[in-house]
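# Structure at a glance
Next come the chains, spelled out residue by residue.
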Amino acid sequence: MAPTDSSPDELLALESQVCFALAVASRGVIDAYRSELDPLQLTHPQYLVMLALWQHGGSSLKQLSGMLKLEPATLSPMVKRLETIGYVTRARDPHDERVLVVELTERGRALRAEATQVPVAMMAKLQLSEDDVRALRDVTTRLIESVERAESQSAADRHES
């Protein structure tokens, strides 16, 4: 990180912290999704699972875990709930019994048409244009990549010690 002209007090001010801004924004945005997702019988994390399945089709739990950057133990109960409400099925891969495959049901595929209104409604609710969303996504994607690089480097440093 480059040197800064900020004073120690400014550097340690709550409102100066990226982590604080991201935490508050994340909670607020996820909460704002609730009213859009309730009619679809989805929580925000379940919505992310459905987005991954609509985009990539049937996937193993491990593949979904990687796409969503969630631990399988965190993802598994979400998938079970999606199965309970009829949006997905879970089955063992006939070629490898260790692999749990998650597939959309007909009802889950049909839900996609209803879900297309969610991003539009959220842009209106949050007063963001498509360009705003694209720019915000690009910055946060760069941030995620930086965090992942830092975590990888930190893990490599620990391994060398």
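Scope of this entry: the structure provided in the associated data block. Small disclaimer: the values here were computed from a predicted structure and weren't measured. (Residues numbered from 1 in each chain as written. Predicted model: local features only at pLDDT ≥ 70, side-chain atom pairs only at ≥ 80, totals over all residues. Heavy atoms only, no water.)

### Considering a nonpolar patch on the surface
On the surface, Val18, Leu22, Leu143 and Val147 cluster together into a nonpolar patch covering about 310 Å² of accessible area. Every element with two or more residues in the nonpolar patch is listed here: helix H2 (18–37) and helix H8 (130–160). With respect to the secondary-structure elements, Val147 resides in helix H8. Relative accessible area serves as the criterion here: at 39%, Val147 is assigned to the partly exposed category. (Patch = residues over 30% accessible without salt bridge, like charges linked within 9 Å, V, L, I, M, F, W, Y side chains within 5 Å. Areas by Shrake-Rupley, 256 points an atom, 1.4 Å probe, with all protein chains shown as cover. Salt bridge = Lys/Arg side-chain N within 4 Å of Asp/Glu carboxyl O. Helix = DSSP H or I, 4+ residues; strand = E, 2+ residues; numbered from the N terminus. Buried < 20%, exposed > 50% of the residue type's maximum accessible area, 1.4 Å probe, protein only.)

### Notes on the pattern of salt bridges
When charged atoms on two side chains of opposite charge get close, those side chains can pair. As enumerated under the stated definition, the model contains 9 salt bridges in all. Of the charged contacts in the structure, one is a salt bridge between Lys69 and Glu148, with a shortest N-O distance of 3.1 Å. In this pair, Lys69 sits in the loop between helix H4 (61–68) and helix H5 (72–84) while Glu148 sits in helix H8, placing the two residues 79 residues apart along the sequence. Taking relative accessible area as the criterion, Lys69 reaches 57% and is therefore assigned exposed. Its salt-bridge partner being Asp131, residue Arg134 comes within 2.8 Å of it at the nearest N-O pair. Here Asp131 and Arg134 lie together in helix H8, a separation of 3 residues that amounts to about one turn. Classification of Asp131 as exposed rests on a relative accessible area of 55%. One continuous salt-bridge network, built from bridges that share partners, spans Glu130, Asp131 and Arg134.

### Quick word on the packing of aromatic side chains
Inspection of the entire model under this criterion finds 1 aromatic pair. On the basis of an interplanar angle of 45 degrees and a centroid distance of 5.8 Å, the ring pair of Tyr33 and Tyr47 is categorised as tilted. Residue Tyr33 is located in helix H2, and its partner Tyr47 is located in helix H3 (residues 44–56); the two are separated by 14 residues in the primary sequence. Tyr47 gets classed as buried once you look at its relative accessible area, which sits at 4%. (Phe/Tyr/Trp six-rings, centres within 6.5 Å; stacked < 30°, edge-to-face > 60°.)

### Here's the deal with the side chain of His44
By the element assignment, His44 lies in helix H3. According to the relative accessible area criterion, His44 is buried, its value standing at 17%. Those residues in contact with His44 that sit more than four places away from it in its chain are Ile30, Tyr33 and Leu37. (Contact = heavy atoms within 4.5 Å.)

### With respect to the nonpolar core
In terms of nonpolar packing, the biggest core is built from 28 residues, with Leu42, Val49, Met50, Leu75, Leu82, Tyr87 and Val88 touching the most fellow members. Residue assignment for this core shows that the elements contributing at least two residues are H2, H3, H4, H5, strand E3 (96–104), helix H6 (106–115) and helix H7 (117–126). Considering each element in turn, this core owes the most residues, 6 residues, to H3. Discounting chain neighbours no more than four positions away, the residues touching Met50 are Leu42, Leu82, Tyr87, Val88, Leu104, Gly108 and Leu111. (Core = buried A, V, L, I, M, F, W, Y, C linked by side-chain atoms within 4.5 Å.)

Purely geometric numbers; function is a separate question.
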